[in-house]
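A closer look at the structure
The lines below spell out each chain.
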Amino acid sequence: MEDNPNTDFFKSMVDELVFLSSSDPELADGFKWLDSEAQKEGIDIYDMVFKVLYRHDTNQKARDWLKNRS
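One structure accompanies this document, and this report is about it. Owing to the predicted nature of the structure, the values given are computational and were not obtained by experimental measurement.

Before going further, it helps to examine the pattern of salt bridges. Per the stated rule, a full pass over the model turns up three salt bridges. The closest approach of N and O atoms between Lys40 and Glu37, which form a salt bridge, is 3.1 Å. In this pair, Lys40 and Glu37 both sit in helix H2 (residues 25–41), three residues apart, roughly one turn of the helix. Lys51 is the partner of Glu41 in a salt bridge, and the nearest nitrogen-oxygen pair spans 2.5 Å. Highlighted residues: Glu41 in helix H2 and Lys51 in helix H3 (residues 45–68), separated in sequence by ten residues. Residue classification places Glu41 among the partly exposed residues on the basis of a relative accessible area of 39%. Classification of Lys51 as partly exposed rests on a relative accessible area of 33%.

Turning our eyes to something else, we now look at the environment of Asn4. Among the secondary structure elements, Asn4 is positioned in the segment before helix H1 (5–20). Separated by 41 residues in sequence, Asn4 and Ile45 have C-alpha atoms that sit 17 Å apart.

What counts and what doesn't
Residues numbered from 1 in each chain as written. Predicted model: local features only at pLDDT ≥ 70, side-chain atom pairs only at ≥ 80, totals over all residues. Heavy atoms only, no water. Salt bridge = Lys/Arg side-chain N within 4 Å of Asp/Glu carboxyl O. Helix = DSSP H or I, 4+ residues; strand = E, 2+ residues; numbered from the N terminus. Buried < 20%, exposed > 50% of the residue type's maximum accessible area, 1.4 Å probe, protein only.

Right, here's the structure in full:
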């Protein structure tokens, strides 16, 4: 992931969620899964989080398009 202000913000947001996961077992399990998937793909956790969020957003837009098409 390239360095720019948006990337820095995204990384700090992910870091904050990782910190919060210490008191949220479900969130911690999610990050453990993300980390294992990132390792399998040879990417870092930030890229994996971005990939999952991007895929979710794309799928949501496709569902919305199907629902609203004429």
